[in-house]
Amino acid sequence: MSLREILEKIVEEDTQVLLSDSNKDWEASTLLENLSEPMLRRQAYMQPGLYIAEINDGGYLGTVLYKVKRKP
């Protein structure tokens, strides 16, 4: 699954979460609008309620891209 597909699913389901990187909390819709195409095409995995991590070339979980937070 691509990062784009994960973000689209969050938006479509109106999941009340924020995605946090090391700098800021983001709405999924904002990331969809502002991330580069290569970033959106990255293969990723979402562990609901915890994180979104990229999947590396070996097929294993790699770097955590975003931590998932409940909206206040």
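Quantities reported herein were computed from a predicted structural model and do not represent experimental measurements. (Residues numbered from 1 in each chain as written. Predicted model: local features only at pLDDT ≥ 70, side-chain atom pairs only at ≥ 80, totals over all residues. Heavy atoms only, no water.)

Of the residues making up helix α1 (residues 3-12), those classed as buried are Leu3, Ile6, Leu7 and Ile10. Buried residues of α1, viewed axially, fall in a sector of 95 degrees; they line one side. Elements in contact with the buried residues of α1: β1 (17-20), α2 (28-34), α3 (37-41), β3 (44-47), β4 (51-55) and β5 (61-70). Count one or two residues on from α1 and you reach Asp14, which has phi positive near 50 degrees. (Buried < 20%, exposed > 50% of the residue type's maximum accessible area, 1.4 Å probe, protein only. Helix = DSSP H or I, 4+ residues; strand = E, 2+ residues; numbered from the N terminus. Arc of directions from axis to C-beta. Contact = heavy atoms within 4.5 Å.)

Let's shift gears to a negative patch on the surface. A cluster of acidic residues, Glu5, Glu8, Glu12 and Glu13, forms a negative patch on the protein surface. Looking at the secondary structure, you find Glu13 in the loop between α1 and β1. Residue classification places Glu13 among the exposed positions, given a relative accessible area of 51%. (Patch = residues over 30% accessible without salt bridge, like charges linked within 9 Å, V, L, I, M, F, W, Y side chains within 5 Å. Areas by Shrake-Rupley, 256 points an atom, 1.4 Å probe, with all protein chains shown as cover. Salt bridge = Lys/Arg side-chain N within 4 Å of Asp/Glu carboxyl O. Lys, Arg positive; Asp, Glu negative; His and termini not counted. Charge placed at Lys NZ, Arg CZ, Asp CG, Glu CD.)

If you walk through the whole model with that rule in mind, you get 4 salt bridges. When the shortest N-O distance is used, the salt bridge between Glu27 and Lys71 registers 3.0 Å. Of this pair, Glu27 sits in the loop between β2 (25-26) and α2 while Lys71 sits in the segment after β5, placing them 44 residues apart in sequence. Arg42 serves as the salt-bridge partner of Glu54, at 4.0 Å between the closest nitrogen and oxygen. On the criterion of sequence distance, the pair formed by Glu54 in strand β4 and Arg42 in the loop between α3 and β3 is long-range, its members being 12 residues apart.

Pairing within the open sheet is antiparallel, and its 5 strands lie in the order β2-β1-β5-β4-β3. Strand pairing shows two members of the sheet lacking a second neighbour, β2 and β3, which therefore form its edges. With 2 bridges joining them, β1 and β2 adopt antiparallel strand pairing. The residue bridging Leu19 from the neighbouring strand is Trp26, located in β2. (Pairing = 2+ DSSP bridges.)

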